[in-house]
Amino acid sequence: MAKSDDCVHILQGLLVFGNVVIGMCGIALTAECIYVVSNPHGAYPLLKATENSDIHAAAWIGIFVGLALFALSILGIIAVIKASRTLLLVYIILMLITFAFEMASSITAATHQDSLTPNVFMKQMLERYQKSEPNNNSDNELTKTWDELMRQNHCCGVNGPSDWQEYTSAFRSTHSDADYPWPRACCVLDAKGLPVNLDGCKLGVSGYYNSNGCYDAISGPVNAHAWGVAWFGFAILCWTFCVLLGTMFYWSGIEY
Amino acid sequence: TMLPLLLLLLPAAHGIAEVGPRPALTREQLEGVTTASTFVLDQPRCTFKDFGDAVIWLVVALDKDASKFNNSAGPGTPETAFQRFPGAVSAYMTLNATLGSYPCPKPAGDITVLRVGSETSCAGDESRPTCNGPLPGPGPYRVKFLALEGSVPVAETAWSMPITLRTAKSPSSIPAAGSGHSAGMIAITAILSILLAILLAALVAMLVFCGSDSCGSSTFSKPESVTVRRYNTHHVYDQRAARL
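Just so you know, the residues in each chain are numbered from 1, in the order the chain's sequence is written. The lettering of chains begins at A and the numbering of ligands begins at 1, in the order of writing. Per-residue local features are limited, in this predicted model, to residues with pLDDT of at least 70; the limit for side-chain atom pairs, both in listing and counting, is 80 or more; totals at the level of whole chains, interfaces and linings are taken over all residues. For the side-chain quantities, the full set of heavy atoms in the structure was used; hydrogens and water were omitted.

Chain B is annotated in an unreviewed UniProt entry as UPK3L protein from Cardinalis cardinalis.

Per an unreviewed UniProt entry, the recorded name for chain A is Tetraspanin, and the organism is Cardinalis cardinalis. Chain A has a UniProt comment under Subunit (unreviewed entry) that states "Heterodimer with uroplakin-3A (UPK3A) or uroplakin-3B (UPK3B)." If you open the UniProt record of chain A and go to Sequence similarities (unreviewed entry), you find "Belongs to the tetraspanin (TM4SF) family." UniProt positions are given in the numbering used here, feature names are shortened, and annotations may be inferred rather than shown by experiment.

Enquirer: Would you mind showing me how to read the nonpolar core here?
Expert: In a soluble, globular protein the nonpolar side chains are often hidden away together inside. Note on terminology: a nonpolar core comprises buried Ala, Val, Leu, Ile, Met, Phe, Trp, Tyr and Cys residues joined through side-chain atoms within 4.5 Å. Only protein chains enter the accessibility calculation, which uses a 1.4 Å probe; a residue whose area is less than 20% of its type maximum is buried, one above 50% is exposed, and one in between is partly exposed. One finds Tyr91(A), Ile92(A) and Phe99(A) to be the most contacted residues of the largest nonpolar core, which totals 49 residues. Mapped by element, the contributors of at least two residues to this core are helix H1 (2-38), helix H3 (54-82), helix H4 (85-115) and helix H10 (215-252) of chain A together with helix H2 (183-210) of chain B. Helix and strand definitions here come from DSSP, where helices need a minimum of 4 consecutive H or I residues and strands a minimum of 2 consecutive E residues; each element is numbered from the N-terminal end. For this core, the leading source of residues is H10(A), giving twelve residues. Note on contacts: a residue pair qualifies if any of its non-hydrogen atoms lie within 4.5 Å across the two residues. Setting aside anything within four residues of it in sequence, one finds Tyr91(A) in contact with Asn19(A), Leu72(A), Leu75(A), Gly76(A), Val243(A), Leu244(A) and Thr247(A).

Enquirer: Teacher, can you tell me more about the packing of H4(A) against H10(A) here?
Expert: Any two packed helices are characterised by the angle at which their axes cross and by the distance between the axes. Residue and element names in this part refer to chain A. With axes taken as lines fitted to C-alpha atoms, and helix axes fitted only over the stretch in contact, angles between N-to-C directions fall between 0 and 180 degrees. Interaxial distance between H4 and H10 falls to 9 Å at its minimum, and their mutual angle equals 155°. Relative to H10, the element H4 is oriented roughly antiparallel. Along this stretch, H4 crosses H10, giving a crossing that reads as left-handed. In terms of residue class, the contact of H4 with H10 is made up of 22 nonpolar, eight polar and two charged. Any angle that is under 35 degrees is reported as roughly parallel, and any over 145 degrees as roughly antiparallel; angles of 65 to 115 degrees are reported as roughly perpendicular and all others as oblique. Note on convention: near helix rotated counterclockwise from far helix by under a right angle means a left-handed crossing. Clockwise means right-handed. As a working rule, the residues Ala, Val, Leu, Ile, Met, Phe, Trp, Tyr, Cys and Pro are called nonpolar, Asp, Glu, Lys and Arg charged, and the rest polar, with Gly in that last group.

Enquirer: How should I be thinking about the confidence of the model for chain B in this particular structure?
Expert: Caution applies to low-pLDDT parts of the model: their predicted coordinates are not meant to be read in detail. Residue and element names in this part refer to chain B. The predicted model of chain B has a mean per-residue pLDDT of 81, with 80% of residues at 70 or higher. Looking at any residue, its pLDDT shows the predictor's confidence there, from 0 to 100. No element of chain B has a lower mean pLDDT than helix H1 (residues 2-14), which averages 53, and none a higher one than strand E2 (residues 39-42), which averages 92. At the level of chain-chain contacts, confidence expressed as ipTM amounts to 0.81, with global pTM at 0.74.

Enquirer: Is there a simple way to explain the UniProt feature "transmembrane region" (unreviewed entry) in chain A in this structure?
Expert: Residue and element names in this part refer to chain A. The UniProt entry lists residues 12-37, 57-81, 88-110 and 229-251 under the feature "transmembrane region" (unreviewed entry), expressed in the numbering used here. In residues 88-110, the share of helix is 100% and the share of strand is 0%. The end C-alpha atoms are 32 Å apart. For the annotated span residues 229-251, helix accounts for 100% and strand for 0% of the residues, and the straight-line distance between the end C-alpha atoms is 32 Å.

Enquirer: I'm lost on the interface of chain B and chain A in this one. Help?
Expert: Contact with chain B, which involves 58 residues of that partner, is made by 55 residues of chain A. Buried area, as used here, totals the accessible surface that two parts lose on assembly, with accessibility defined by a 1.4 Å probe and the loss added over both. For the pair chain B and chain A, the two sides together bury roughly 4700 Å², of which 71% comes from carbon and sulfur. What qualifies as a polar contact is a pair of N or O atoms within 3.5 Å, subject to a donor-acceptor requirement within protein and to the restriction that residues adjacent in sequence count only when both atoms come from side chains. Here chain B and chain A share 13 residue pairs in polar contact (both at pLDDT 80 or more) between them. Those elements that provide at least two residues to the side of chain B that touches chain A are strand E5 (113-116) and H2 of chain B.

Enquirer: Honestly, the UniProt feature "transmembrane region" (unreviewed entry) in chain B in this entry has me stumped. Any pointers?
Expert: In the numbering used here, UniProt assigns the "transmembrane region" (unreviewed entry) feature to residues 183-209 of chain B. Across residues 183-209 of chain B one finds 100% helix and 0% strand; the C-alpha atoms that close the span lie 39 Å apart.

What follows is the structure, given as structure tokens:
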């Protein structure tokens, strides 16, 4: 008898501890997703132009799931201590629904990260950078974003300046190849924003032009956000799985 | 084999010295060695060092028209005007310089190149027939250097190897958004699906087997209190009734 009492208390303690961890992780998930939603990085207009904002959907779901996890963890602690069958059943079912939502958010974030290949950005850049009759504001914004990106990160194009040579582009149709083998923003600029050595830049002499591609600068922050939402969500779900199994076992052992 | 023989005979016939090396695309590590309308040659340093009074011109021709070029054609004439290339003229002459522009020997570490096709301002200006304008197509082109004293050719290099410029593809040829799924995404999906399935199965099992209270008594119940009841056994009966 004493032994089964101890077992009960240990199980209760474990479940309470598990719920405390879930509650804290829920708050952390909410905070992280609020950060992702409200803190767009410099390349955000490029992402918007790809019309693929899954990462934001995933982050918004994450905010609400985090709050739900926190509330449910409090319910779970109360239910375990009171050993009430109905409360525990309510807790289990609501947790399962939250589990499903967080699963959706995590998978969406991971899929979004996969869809942002260099080709997506290259196509967008070639077709819309410095487009002469901008259809809408987003083309202007795209041009400004690329110029900022290339100046700040000392990079050129998506894979390198050769992008501008290998493909025709909206830029190429208004700027001759002899004068602008690649945009001026690819040149090393001085404090006034003028190329340090224009001939050196046009020739492609190393030191006077940016030879790296900008893909790393774009995908770095995007990937960080997507990984944060996807993998932290996954970790929380694994822990929640264990706590839920324990709760179900505890429920089945409670005297009616 | 005919072409080298012809080249050997021509200088002998006209008294032109053939000097080397032949022009070539620069060996420097430059991103823009060839673009869609320009290319970069090494300067002819030390090539014409014996011809101090000559003006050195660059002759540019399409590969197929190279052998048709006549060395006595004068630069700056309609027959060698850039603006009429390649339709009306088969070769044009440009980038003139005196030997002083090409000091010999070349200082180590200097980048000494000529960019053919860099002048865009005079590309349509017929009054500038020696314009170094952008090349009109991907080529292939051949070039040679020709040294003139006055209007008399005195030295030349051999024609270069054919130079082909870059051709740009259309961006619609870039494959659309990649559909590759990374290992991480597949792992997340698979594992989470399995976990959810296990949880749902456990919930169903829990409700089916334990919903009607058949599980409650084993582990966590309090021990049953034993009640003792008084039994009246049947064989204790009224003895008086039996004697009557």
